[in-house]
Amino acid sequence: MLNVLVSGLGFGIIAGAFSLINVLADMTGPGTIGIHGDSSNFFIASAFLTLSFVLLHTFWGIVFHAACDRKNYVAMSLVVGSHMLVSCLTLVNEMRPPMYAASLVPCYIVMFIMMGWAYVTAGGSFSNLKKSVHCSGREEYALN
């Protein structure tokens with residue numbers, strides 16, 4: 001499972017790097033954002049969208065790998081479908097004026113759903129989460 005986490009995180013970082021390169025290309029030149037009617041929130045929206053895509057690729061990798069191991073075609077299609085949904089939601093940002101909230105809010109909803117699904121897929125449970133939040137059972141992990 002660690003290989004899946006690392007490969008998903010690596011793919012997410014690469015996707016984020018490509019997204020960052022595109023944003024940096026848009027900001028070249030003196031004062032390009034906002035002059036021609038562009039939104040001044042472009043950079044902050046791009047940063048939040050890139051963050052969600054990095055995390056989503058990690059979660060998608062975990063869930064998709066487990067679905068392939070178990071031959072769960074429904075889970076595989078849900079991962080691909082959620083990827084297409086989130087990717088197509090970014091097209092809303094191309095409208096005039098851009099509607100960043102219309103893409104960011106659903107994207108983060110999908111991200112939190114996928115985060116929970118990946119956590120359960122990786123073997124996490126509510127009781128483990130509760131123990132880690134309340135620091136109970138720490139004597140089990142104490143170094144002697």
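**Observations regarding the packing of aromatic side chains**
The description of two aromatic rings rests on the distance between their centres and on the angle between their planes.
Here is step 1: A complete count under the given rule lists two aromatic pairs for this structure.
Here is step 2: On the numbers, 6.5 Å between centres and 50° between planes, the contact of Tyr108 with Phe112 is tilted. Highlighted residues: Tyr108 and Phe112, both in helix H4 (residues 100-121), separated by four residues, approximately one helical turn.

**With respect to the packing of helix H2 (residues 42-70) against H4**
The axes of two packed helices give the description: the angle between them and the distance between them.
Here is step 1: Contact geometry for H2 and H4: axes closest at 9 Å, N-to-C directions at 30°. It follows from the interaxial angle that H2 and H4 lie roughly parallel. Two packed elements cross with a definite hand, and for H2 against H4 that hand is left-handed.
Here is step 2: Here the residues of the contact of H2 with H4 are counted per class, giving 22 nonpolar, two polar and one charged.

**Remarks on the confidence of the model for the protein**
Here is step 1: Within the protein, residue pLDDT values average 82, and 84% of them lie at 70 or more.
Here is step 2: Looking across the protein, the model is least confident in helix H1 (residues 2-26), with a mean pLDDT of 76, and most confident in helix H3 (residues 73-89), with 95.

The rules behind these values
- Residues numbered from 1 in each chain as written.
- Predicted model: local features only at pLDDT ≥ 70, side-chain atom pairs only at ≥ 80, totals over all residues.
- Heavy atoms only, no water.
- Phe/Tyr/Trp six-rings, centres within 6.5 Å; stacked < 30°, edge-to-face > 60°.
- Helix = DSSP H or I, 4+ residues; strand = E, 2+ residues; numbered from the N terminus.
- Axes fitted to C-alpha atoms, helices over the stretch in contact; angles between N-to-C directions.
- Parallel < 35°, antiparallel > 145°, perpendicular 65-115°, else oblique.
- Left-handed = near helix turned anticlockwise from the far one by under 90°.
- Nonpolar A, V, L, I, M, F, W, Y, C, P; charged D, E, K, R; others polar.
- pLDDT = per-residue confidence, 0-100.

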